[in-house]
Amino acid sequence: MPSFARVLIDRSEGRELDYAIPAELRDRVCVGERVIVKVRNRRALGTVLELMEHSDVPGIRLIEGLVGNESTLPPVMMRLARWMADYYCAPLASVMRSMLPPMLRGEKIAGKKIRMAELSGMPPAQEYERLARKAPKQHAILERLRIATSAIPVHELLRESGGSDASLRALVAAGWIRLSEVRSTASPGDGEQVLPGRIPRLNPDQESVVAVLLEAIGGSDDAALQRPFLLHGVTGSGKTEVYLRTLGAVLESGKSAIVLVPEISLTPQTVERFRARFDHAGGGGAGVAVLHSHLTDAERREEWMRLQRGEARIAIGARSAVFAPLANLGLIIVDEEHENTYKQEETPRYHARDVAVMRGRLEGCPVLLGSATPSIESYRNALLGKYRLLELPKRADGQTMPLIRVVDLRLQGKRAKSDGGLSAPLQMAITKRLESGQQTILFLNRRGFATSMLCEQCGHVCRCPNCSLSMTFHRDDNRLACHLCGHTTTPPERCPECRDPGIRHSGLGTQRVEEGIRKAFPSARIARMDADTMSRRGSYADVLGKFRARQIDILIGTQMIAKGLDFPNVTLVGIINADIGLHSPDFRAGERTFQLLTQVAGRAGRGETEGEVIVQTFSPASPSLQHARHHDFAGFYEQEISFRETFRHPPFARMLLVRVRGVSPEKTSHAAAAVAKKLKGLAPDSVEVSDSAPAPLERSHGQYRFHVILKSSSGAVLGKLARELLASMPLPDDVVMTLDVDPYSLM
Ligand SMILES: [Zn+2]
Ligand SMILES: [Zn+2]
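About the cut-offs
- Residues numbered from 1 in each chain as written.
- Chains lettered and ligands numbered in written order.
- Predicted model: local features only at pLDDT ≥ 70, side-chain atom pairs only at ≥ 80, totals over all residues.
- Heavy atoms only, no water.
- Helix = DSSP H or I, 4+ residues; strand = E, 2+ residues; numbered from the N terminus.
- Buried < 20%, exposed > 50% of the residue type's maximum accessible area, 1.4 Å probe, protein only.
- Areas by Shrake-Rupley, 256 points an atom, 1.4 Å probe, with all protein chains shown as cover.
- Donors = N, O, S within 2.8 Å, 3.2 Å for Na, K, Ca; no water.
- Tetrahedral: all angles 85-135°; square planar, octahedral: opposite > 155°, others 65-115°.
- Pairing = 2+ DSSP bridges.
- Expected span 1.5 Å × (residues − 1).
- Contact = heavy atoms within 4.5 Å.
- Polar contact = N/O pair within 3.5 Å; in protein donor to acceptor, adjacent residues only side chain to side chain.
- Core = buried A, V, L, I, M, F, W, Y, C linked by side-chain atoms within 4.5 Å.
- Axes fitted to C-alpha atoms, helices over the stretch in contact; angles between N-to-C directions.
- Salt bridge = Lys/Arg side-chain N within 4 Å of Asp/Glu carboxyl O.
- Right-handed = clockwise from strand over helix to strand, strands pointing away.

Q: Describe the overall build of the protein chain, listing the residues and the values that go with them.
A: In terms of regular secondary structure, the protein chain is built from 23 helices and 29 strands. In the protein chain, buried positions account for 55% of the 747 residues. Only carbon and sulfur atoms are counted for the fraction: they give 50% of the accessible area of the protein chain, which is about 32,300 Å².

Here you go:
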């Protein structure tokens, strides 16, 4: 029996130390085991990488204890971790940590219970008024609870209402408020009544897709297992039903499955659909476990444990659910595979879709990627035969795709441009909805971060001659820069196209847009939903609940409302500022705009009445808009892939983004230039290395940010280069360098 173990220490980048295994632990310690050890004189956590018969380390120390069996990574996950560490140039320890929920990393001691409060009744009007005068804090607490749709955590309640513990106690004593504790074993969704779902009939398209999938799942054809499926189904084509049928077959064969869904689509509505099919009494104890970031650590741990114990065999979750501890995996589904939130924007910077494909390969289980707007990368893989393409070309309900109207903002008066950005056609359309009691969703592109130079007279955008990306206007030093290749130039005084001097002052902040809408429709009930206003747990469900109950006429939102929501009474979707997305300095700008428009259009007219989508833009001829308008994915793909090929953007080259950030602009810029120089020295001719350039978002969180971008046809060459850079690049203490393989956020 092996008596020694090589342990990777958590907190020290890549440090591996040997320890002796105490006799009483020898039959328990295995590879992947989380252990407690001493490094110098401090306790540390680590993971066993290797078991050994011998060790010649003098004075070797003993392993002090085990973190617990729950946190052991099985061999296949260890292999996946090694692949990720290698591919994403990330420390193995950080990869392994990210594979476990926080509480199982052994870093936190037991989770605490959370006190929840909800209304048990409202005081009579007279009493309520008295409270408003005599006990404003109690009144504020009741006010807050009155608009909640379910119990909310006490600490949040007090923070938001400004109430005190004493006032809360008084209300509890008076019988208006009920307190409870969230059991640490509570599964999110416990207490909801889930009815067995009615199983809809499949249409012929769905039937043939399901048949292919069932064959792959039941078969032992290894070649099929090595080749992921890409399901391209238009919005409303019934992809979810395909997932459900396929999952049913997986469960029947005694296996388990993972379903990845982007965080913002992981709504109670989505989860309910899965639970309704698999969680009821007749479900054969299959059980659904949900993993997402809004769970408390204790809840997340409990869901994890249910999967590990086999009490739940389906894991639904966002990005990190790709690591769900399921044995005997029979299928991994990645819904909305094009979503860039699958990319983790902190170390390790992995892409959950790509990790899913790799896990499927290691586990020998089929992988199903689905989307209405597949990513360019995945669709190309399908056309090249690396993925197997399945298609659902029609809406399942037989309805026509909604009509998309493009409003040319160049033709609208100055007022529309400055005053909230509502064009006359969009105003009229909203008015019509308000009059007939139908609802409107207005889509604002994320945060008012407009850095491109756009002429509002003719729609001209300043682009880089090398990369064709829109160039970023840096106001401070009056410079236009392409941050992809480093090309810079002086910004024009007038529009090069139409000579209009207004080109320098374009771009509407989202704040102003919202104000404009409120002013234009003073009597409408308007709510806003975005990452800033929705950071609190539960507020998302609150607003959606009200919108569904038709207590809100106009919902203004960002990406969050573009996904998977189903509101039959919404007949109008307006996109206020399509240009911000269209001209963001990113080679995926066109792809993202196409995806967004398609998704947003899919939200309109899900009910009886036909939907309408209005897109406002200064660039009505843009191919992304025009192809989206005609619901033409193939046309969009052809145009986009030739653009990528011409300028050698991914997938025609692999990309590595080196970010350099620091507090001092001089030091940081200097360090970035040194990094670029170093890389140019190290790189073979086949690798393109850009000059260092300020990031489009030049300053953030008080730090200056610079980019160096590498492109190569070989990922392996880039990886080797990245490791050489890490090993040989000295940087000042207050400058930080990070590497991002296959970057998605180029800001
Ligand atoms: Zn360029
Ligand atoms: Zn112009």
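Q: An account of the coordination of the zinc ion (ligand 2) is requested, with residue identities and associated values reported.
A: Within the protein, the atoms that donate to the zinc ion (ligand 2) are C455 (SG), C458 (SG), C495 (SG) and C498 (SG), at distances of 2.2 to 2.4 Å. For the zinc ion (ligand 2), the four donor atoms in the first shell make angles of 102 to 113 degrees at the metal, a pattern classed as tetrahedral. Counting residues between consecutive donors of the zinc ion (ligand 2) along the chain gives the motif C-x2-C-x36-C-x2-C. Residue C455 is located in the loop between β17 (439-443) and β18 (472-474), and its partner C495 is located in the loop between β20 (488-489) and α16 (510-520); the two are separated by 40 residues in the primary sequence. The class of C495 is buried, set by a relative accessible area of 0%.

Q: Report on the sheet that holds β20, specifying residues and quantitative values.
A: Spatially, β18-β19-β20 is the arrangement adopted by the three strands of the open sheet, whose pairing is antiparallel. In this open sheet, the two strands that pair with only one neighbour each are β18 and β20. As paired elements, strand β19 (residues 479-481) and β20 share two bridges and run antiparallel to each other. Across the sheet, L480 pairs through a bridge with T489, a residue of β20.

Q: Give me helix α23 (residues 715-728): which residues, what numbers.
A: The first and last C-alpha atoms of α23 sit 20 Å apart over 14 residues, in line with the 20 Å expected at 1.5 Å per residue. Buried residues along α23 sit against β25 (654-662), α22 (665-682), β28 (703-712) and β29 (735-741). Capping the start of α23 is the job of one residue whose side-chain oxygen sits 3.3 Å from the backbone nitrogen of A716: S714.

Q: Hey, could you go over the side chain of S98 for me, with residue numbers and the actual values?
A: For S98, the location among the structural elements is in helix α2 (residues 92-98). Not counting the four nearest positions on each side in its chain, S98 is found in contact with R105, F323, P348 and Y350.

Q: Summarise the nonpolar core; cite the residues concerned and give the values.
A: Ranked by internal contacts, the top residues of the largest apolar core, which has 106 residues, are F323, V658 and L710. Here this core gets seven residues from one element, more than from any other, and that element is helix α1 (residues 75-87). Discounting residues that sit within four places of it in the chain, L710 has contacts with R654, M655, L656, V658, L679, V687, E688, V689, L718 and L721. Residues I217, L251, V271 and F274 belong to the second largest nonpolar core, which totals 30 residues.

Q: Which residues make up the sheet that holds strand β16 (residues 403-408), and what values do they have?
A: A sheet is described by the order of its strands in space; here six strands give the open sequence β16-β24-β23-β17-β22-β21, paired in parallel fashion. Across the chains shown, the open sheet's two edge strands, defined by having one partner strand only, are β16 and β21 (526-529). The mean angle between the axes of side-by-side strands here comes to 20 degrees, regardless of whether they run parallel or antiparallel. In this sheet, strand β24 (residues 612-617) lies alongside strand β23 (residues 570-575) in parallel orientation, the contact comprising four bridges. When the bridges of β24 are listed, I575 appears paired with V615. With respect to the sheet, helix α19 (residues 589-601) is in contact with β16, β17, β23 and β24, its orientation differing from that of β23 by roughly 160 degrees.

Q: I'd love a proper account of the pattern of salt bridges, names of residues and values included.
A: Once their charged atoms are close, side chains differing in charge can pair, the charge on each being opposite to the other. Evaluated as defined, the whole model comprises 30 salt bridges. Between R525 and D553 there is a salt bridge, and its shortest N-O distance comes to 3.0 Å. One end of the pair, R525, is in the loop between α16 and β21; the other, D553, is in the loop between α17 (539-548) and β22 (554-557), with 28 residues separating them in the sequence. Here R525 falls in the partly exposed class, since its relative accessible area comes to 41%. Using a relative accessible area of 14% as the deciding quantity, one classes D553 as buried. One salt bridge in this structure joins D586 and R592, with 2.8 Å as the shortest N-O distance. Given the relative accessible area of 7%, D586 is considered buried. Residue R592 is classed as partly exposed on the basis of its relative accessible area of 22%.

Q: Any chance you could break down the coordination of the zinc ion (ligand 1) for me, citing the residues and the numbers?
A: With distances of 2.3 to 2.4 Å, the protein atoms coordinating the zinc ion (ligand 1) are C464 (SG), C467 (SG), C482 (SG) and C485 (SG). For the zinc ion (ligand 1), the four donor atoms in the first shell make angles of 105 to 118 degrees at the metal, a pattern classed as tetrahedral. Along the chain, the residues donating to the zinc ion (ligand 1) are arranged with the sequence spacing C-x2-C-x14-C-x2-C. You can see C464 sitting in the loop between β17 and β18 and its partner C482 sitting in the loop between β19 and β20, a full 18 residues away along the chain. For C482, a relative accessible area of 2% translates into the label buried.

Q: Tell me about the pairing of strand β14 (residues 367-371), residues and numbers included.
A: The buried fraction of β14 is high, at five of five residues. Judged by which residues are buried, β14 turns out to be covered on both faces: V367, L369 and S371 on one side and L368 and G370 on the other are all buried. Of the strand pairs in this sheet, strand β13 (residues 329-335) and β14 are connected by four bridges, and their pairing is parallel. Directly across from V334, in β14, lies its bridge partner L369. Handedness of the crossover joining β13 and β14 through helix α12 (residues 352-363): right-handed.

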